[in-house]
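A closer look at the structure
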Amino acid sequence: MEWIGGILDTLVDAVVLAGTDGRIAMINRRAEELFGYRREELVGRKVEVLIPERFRGRFRSAFRRFSDTGELKKRRMGYYEAQACRKDGEEVPVEISVSRLEVDGRVYALAIIRDITERKRIERALRESEELFRTLAEYSLVGVYLIQDGVFRYVNPRLAEIFGYEVEELVDRKGPRDLTFREDWPVVRENLEKRLKGEVMAICYDFRGVRKNGEVFYVEVYGARVSYRGRPAVVGTLLDITDRKIAEEKIKHLNSVLSAIRGINQAIVRERNRERLLQTVCELLNRVRGYSIVAVWLLGGEKPEPVALVGDRGRVLAGRRTVEEAVSRREPVVVPGEEGSAAVLPLVHGGRVYGALCVCSEIEGVFDSEELTLLEEMAEDIAYALKAIEAEELRRRAEEELKRRKAFYETIIHSATDMILVVNPEGRFIYANSVARRVLGEDVVGKHIRDVVAPEYVELALRNFKRRLRGERIPPYIIQAIDRHGRRRWTEINGSRIVIDGRVVGTCAIARDVSARRKLEEEVLQAKEFLHSILESSADAIIATDREGRITYFSRGAEEMLGYKASQVAGKPFSSLFPRELREEGERLFEQLVEKEILKNIRTRLQCVEGRTIEVNLSLALLRDSEGRPMGSVGVAKDITREVRAEEAMRRAYEELKRLDQLKSDIIANVSHEIRTPITIAKGYIELAKEEKDEAERIAELEAATRALMRLNDIVEDLISIADIERGDFKLKPREVEVWEVVVRALEAKEELARSKEVSIGVELKYTGKLFADSAKLQRVLMNLLDNAIKFNRRGGEVRMCVERSNGEVLFSVSDTGIGIPEERLGEIFKPLTQLDPSSTRHYGGTGTGLAVAKRIVEAHGGRIWVESTPGEGSTFYFTVPLHLPAPGQ
């Protein structure tokens, strides 16, 4: 009994033993530490002293039954959570396991109590971290993904929307290959493998994606290598990616296969009867879309026999030869048929063949490699379950025999949930409780410490074992143990040496599986790293604030977008990022956020570090802590300055296009009118001349037709000149010309038009010398200016031409007493095919090309042309021509 007490005091859980009278009969050292009492203070007192006041009434009711009957209320789970009360009144969260114990005819209640304060803290931190990530990812404007083992372990709603799926259709069901155009998959696969192998940590590249409806498009993806749940994964963001349309029937089929597999795995865990388990397997698989017959064959004698079946027995029995082939080869066999196909998968585990699973389908070719892989894994699970059922039967018989030989101390020890082992001075196990045998294997007794400890922790374990043998107090430490399946488990070791009659007979080791705790700690760390990589990989600005609206996080995308460093804006109000005129509006956004919790797609402006502003699309979400209280906010801003500018440019271009379209219609009408008029006149006079007998009248009619054709020639010349100008084919043929000769020819050309309009023309030649120019084109300028001066003049009006020399140039001017030009239209009249008013063209005639041709000719000579005009009084056109042409390139 001495070493039993030593064992109890080395337990890391508190142990409290109480009688039916509710008084404490015994506690261990851990109970003293947990509740703050000394052993002598608690023994003999009511056990309710360890329960908070508000729960004592419920406890008394529950304990009354135990006092009356000696029976405890059964619970479905071994441990349940509760609150314990320390001596100083502090409440501690604990897990409690209570069992009935009978010793020497007396009945006791044995409570194993575990302090779970640290676990609660870790769980709370994990929930808060997951909530922050979920909020950021769920409302991100870009797709977010996590890939592991070739499938998506996480996608946000935006990525699902891009590909046309629901989130549930992607997570754990699809991988990047499903969303990639087949010709681009080798590149995508190579980049994924580089990151998973650690050749590159992050990469950004383009490839073609396929939407669910089959539409092919390009996407840009950024991904980085991370560790997710202890294994390599790729996490990143994706812009405008969609998936190729997958056949709906195939998706439903695979989903139903996965659903059946989940149900089968649950049945494997729950069911301990072999026949019921196998029949359940057949029934679940028979519900899969397209599966018509399912059977399980087991090896009982010389040949396999079906022991569970759903479907047509005759058709299944006819496949015995296929079953035997699959069993002998230990490989799946697929048999095509006239009405579908069948797959036979051997049930193999640990090198032993238990039988075969036969699945028939009405769909031809349904058993592809992916589906066979799923069915193979399921077949292995079924084989494992068959082995486990056999082992369970053996274990159950051994436990029944063992129960008859258990003593009081073993009852207490086996009530613990930790592994309890006794090690002799040579380091070999001489005793192991049921938990230890279940975890480390039934053959653990007789093994050495190094046989169950991971190689890198053997030295530590042996060193601490020897120190305990010497009587040193060793605080609990953590190593990795190897369980019976060869898997590693994080294990916390505590214990002390065992001394009997003054002789050290070994040590007692208490080993607790802390894998779950380590996993929680790792998940908290991974979640933080995962969240940070997501935030830093986003090209958008991600900004988080505290509950007062002060900036607590400023992503790399925000630094690049706005130009501020995170250290410059930390602690400043979020509204300080708005331009001064919008800061009140920014503060109101946060007031609305408290009411609505989410604000989406707000178009506003933010101010950059150099003072300029950018247009952004802003979304905000309210963050809450684990108790539901507002703890701050997170905002995602996308720079849409280019889009806004493009929209404005498109609007202006559209307006200009409408104006040019109208101008085109007017010009076409004007030009066609101007061309038809002289043609009609010439045709009429020629017809008259053909019939005219009088020679003088015929000559006059032919001269009139000639003038009309000359007018048509002028129109055509102007149009040709405009066309040459637009094509870049316009060239001068300069030579030395007499100024007076050019003026006289221009006047002669417009003499008849002036006479018809009763307009008088006056000429003042202050310079009659020579200049170097293209005579024909210079004459064309004067003719066009005279033509306009006459056409837009009043009947009986005047036109005055003046030529003078000024600073090495010849200055020409043509003035009229006509209708004049509005000041706001002076800048437009020299544009090709421009009319100030289409209606005036019908009245005065003209194509709108004359002034454009004149301007191009003057500028080609190195001169300039301009106009001064007063509406209703007339206009004066000026142009200059250098005495000598400019050198090439000037």
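Just above sits the structure.
So, here is what we can say about the structure in this document. (Residues numbered from 1 in each chain as written. Predicted model: local features only at pLDDT ≥ 70, side-chain atom pairs only at ≥ 80, totals over all residues. Heavy atoms only, no water.)

1. Some details on the overall build of the protein chain
The helix and strand tally for the protein chain stands at 28 helices and 32 strands. Counted over contacts in the protein chain with a minimum sequence separation of 6, partners at least 24 positions apart contribute 55%. As displayed, the protein chain has an accessible area near 47,500 Å², and 49% of this comes from carbon and sulfur atoms. (Helix = DSSP H or I, 4+ residues; strand = E, 2+ residues; numbered from the N terminus. Contact = heavy atoms within 4.5 Å. Areas by Shrake-Rupley, 256 points an atom, 1.4 Å probe, with all protein chains shown as cover.)

2. Points about the sheet that holds strand β10 (residues 231-239)
Two orientations exist for strands paired in a sheet by backbone hydrogen bonds: parallel and antiparallel. Strand order in the open sheet formed by five strands is β7-β6-β10-β9-β8, with antiparallel pairing between adjacent strands. The two strands at the open ends of the sheet, each matched to only one other strand, are β7 (151-155) and β8 (202-210). If you compare each strand with its neighbour and ignore which way they point, the axes differ by 35° on average. Taken together, the nine bridges between β8 and strand β9 (residues 216-228) define a ladder with antiparallel strand orientation. Looking at β9, one finds that phenylalanine 207 is bridged to valine 219. Packed on one face of the sheet, helix α8 (residues 185-196) meets β6 (143-148), β8, β9 and β10 and runs near 150° to β8. (Pairing = 2+ DSSP bridges. Axes fitted to C-alpha atoms, helices over the stretch in contact; angles between N-to-C directions.)

3. Observations regarding helix α4 (residues 56-69)
When the terminal C-alpha atoms of α4 are compared, their 20 Å separation across 14 residues agrees well with the 20 Å that a helix rising 1.5 Å per residue should span. Of all the residues in α4, the buried ones are Arg56, Phe63 and Phe66. Of the surrounding elements, those touching the buried residues of α4 are β1 (14-19) and β5 (106-115). (Expected span 1.5 Å × (residues − 1). Buried < 20%, exposed > 50% of the residue type's maximum accessible area, 1.4 Å probe, protein only.)

4. Section: the sheet that holds strand β3 (residues 80-85)
The five strands lie next to each other as β2-β1-β5-β4-β3, forming an open sheet whose pairing is antiparallel. Strands with a single pairing partner mark the edges of an open sheet, and in this sheet they are β2 (24-27) and β3. In this sheet, adjacent strand axes meet at a mean angle of 35° when their direction is disregarded. Where β3 and strand β4 (residues 91-103) come together, six bridges link them in antiparallel fashion.

5. Some thoughts on empty space enclosed by the protein
By the definition in use, this model includes six cavities of 30 Å³ or more. In this structure, the largest cavity occupies an estimated 270 Å³ of space. In terms of lining residues, the largest cavity is bounded by 21 residues, among which Phe429, Ile449, Tyr477, Ile493 and Ala509 are the most central. Contributions of two or more residues to the lining of the largest cavity are made by β16 (419-423), α16 (449-452), α17 (458-469), β18 (477-482), β19 (488-500) and β20 (503-513). (1 Å grid on protein atoms, 1.4 Å probe; cavity = no way out; pocket = protein on both sides within 12 Å on 5 of 7 lines; lining within 4 Å. Points joined across faces, edges and corners; volume = space filled by probe spheres on them.)

6. Concerning the pattern of salt bridges
Summed over all chains, the structure comprises 57 salt bridges. With its nearest N and O atoms 3.4 Å apart, the salt bridge here joins glutamate 442 to arginine 437. Between glutamate 597 and arginine 624 there is a salt bridge; the shortest N-O distance is 2.5 Å. One end of the pair, glutamate 597, is in the loop between α21 (583-596) and β23 (598-607); the other, arginine 624, is in strand β24 (residues 613-624), and 27 residues separate them in sequence. A network of salt bridges, in which partner residues are shared, links Asp13, Glu95, Arg114, Asp418 and Arg512. (Salt bridge = Lys/Arg side-chain N within 4 Å of Asp/Glu carboxyl O.)

7. A word on the packing of helix α26 (residues 775-791) against helix α28 (residues 850-860)
Relative to each other, α26 and α28 sit at 145°, their axes nearing to 9 Å. Regarding α26 and α28, the two cross each other, and that crossing is left-handed. Mapping the contact onto sequence places Lys777, Leu778, Arg780, Val781, Asn784, Leu785 and Asn788 in α26 and Gly850, Leu851, Val853, Ala854, Ile857 and Val858 in α28. Looking at the contact of α26 with α28, its residues break down into eight nonpolar, three polar and two charged. (Left-handed = near helix turned anticlockwise from the far one by under 90°. Nonpolar A, V, L, I, M, F, W, Y, C, P; charged D, E, K, R; others polar.)

8. A word on α17
Between its first and last C-alpha, α17 extends 17 Å over 12 residues, near the 16 Å set by a 1.5 Å rise per residue. Every buried residue of α17 is listed here: Val458, Ala461, Leu462, Asn464, Phe465, Arg468 and Leu469. Mapping the buried residues of α17 onto a view down its axis gives an arc of 165°, with all of them on the same face. Considering only its buried residues, α17 is in contact with β16, α16, β18, β19 and β20. Glycine 471 sits one or two residues past α17 and shows a positive phi near 95°. (Arc of directions from axis to C-beta.)

9. Here's the deal with the side chain of threonine 641
Residue position: threonine 641 is located in helix α22 (residues 641-691). Threonine 641 gets classed as buried once you look at its relative accessible area, which sits at 10%. A polar contact is formed between the side chain of threonine 641 and the side chain of aspartate 639, at a distance of 2.7 Å. Leaving out residues up to four positions away in the same chain, threonine 641 has contacts with Ile614 and Glu615. (Polar contact = N/O pair within 3.5 Å; in protein donor to acceptor, adjacent residues only side chain to side chain.)

10. Here's the deal with the packing of aromatic side chains
Counted by the stated rule, this structure contains eight aromatic pairs. Measuring from ring centre to ring centre gives 6.3 Å for phenylalanine 830 and phenylalanine 877, while their planes differ by 80°; the resulting arrangement is edge-to-face. One end of the pair, phenylalanine 830, is in the loop between β30 (809-816) and α27 (838-844); the other, phenylalanine 877, is in strand β32 (residues 874-882), with 47 residues separating them in the sequence. With a relative accessible area of 14%, phenylalanine 830 lands in the buried category. Overall, phenylalanine 877 belongs to the buried group, its relative accessible area being 6%. Above the plane of the ring of tryptophan 490 lies arginine 518, whose end atom (NZ or CZ) is 3.8 Å from the centre. (Phe/Tyr/Trp six-rings, centres within 6.5 Å; stacked < 30°, edge-to-face > 60°. Lys NZ or Arg CZ within 6 Å of the ring centre and 35° of its normal.)

11. Points about unusual backbone geometry
In this structure, arginine 330 takes a positive phi of about 60° despite not being glycine. Residue placement: arginine 330 occurs in the loop between α12 (320-329) and β13 (333-337). Under the relative-accessibility criterion, arginine 330 is labelled partly exposed at 45%. One non-glycine residue with positive phi stands out, namely asparagine 601, at about 50°. As for its position among the elements, asparagine 601 is in strand β23.

12. A word on the nonpolar core
Within the largest apolar cluster, 39 residues are counted, with the highest numbers of intra-cluster contacts made by Leu771, Leu778, Leu782, Phe812, Phe877 and Phe879. Mapped onto this core, the elements with two or more residues apiece are α24 (739-749), β28 (770-773), α26, β29 (798-806), β30, α28, β31 (865-870) and β32. Tallying contributions element by element places α26 first for this core, with eight residues. Counting residues in each nonpolar core, the second largest holds 37 residues, with Ala260, Ile264, Tyr291 and Leu298 among its members. (Core = buried A, V, L, I, M, F, W, Y, C linked by side-chain atoms within 4.5 Å.)

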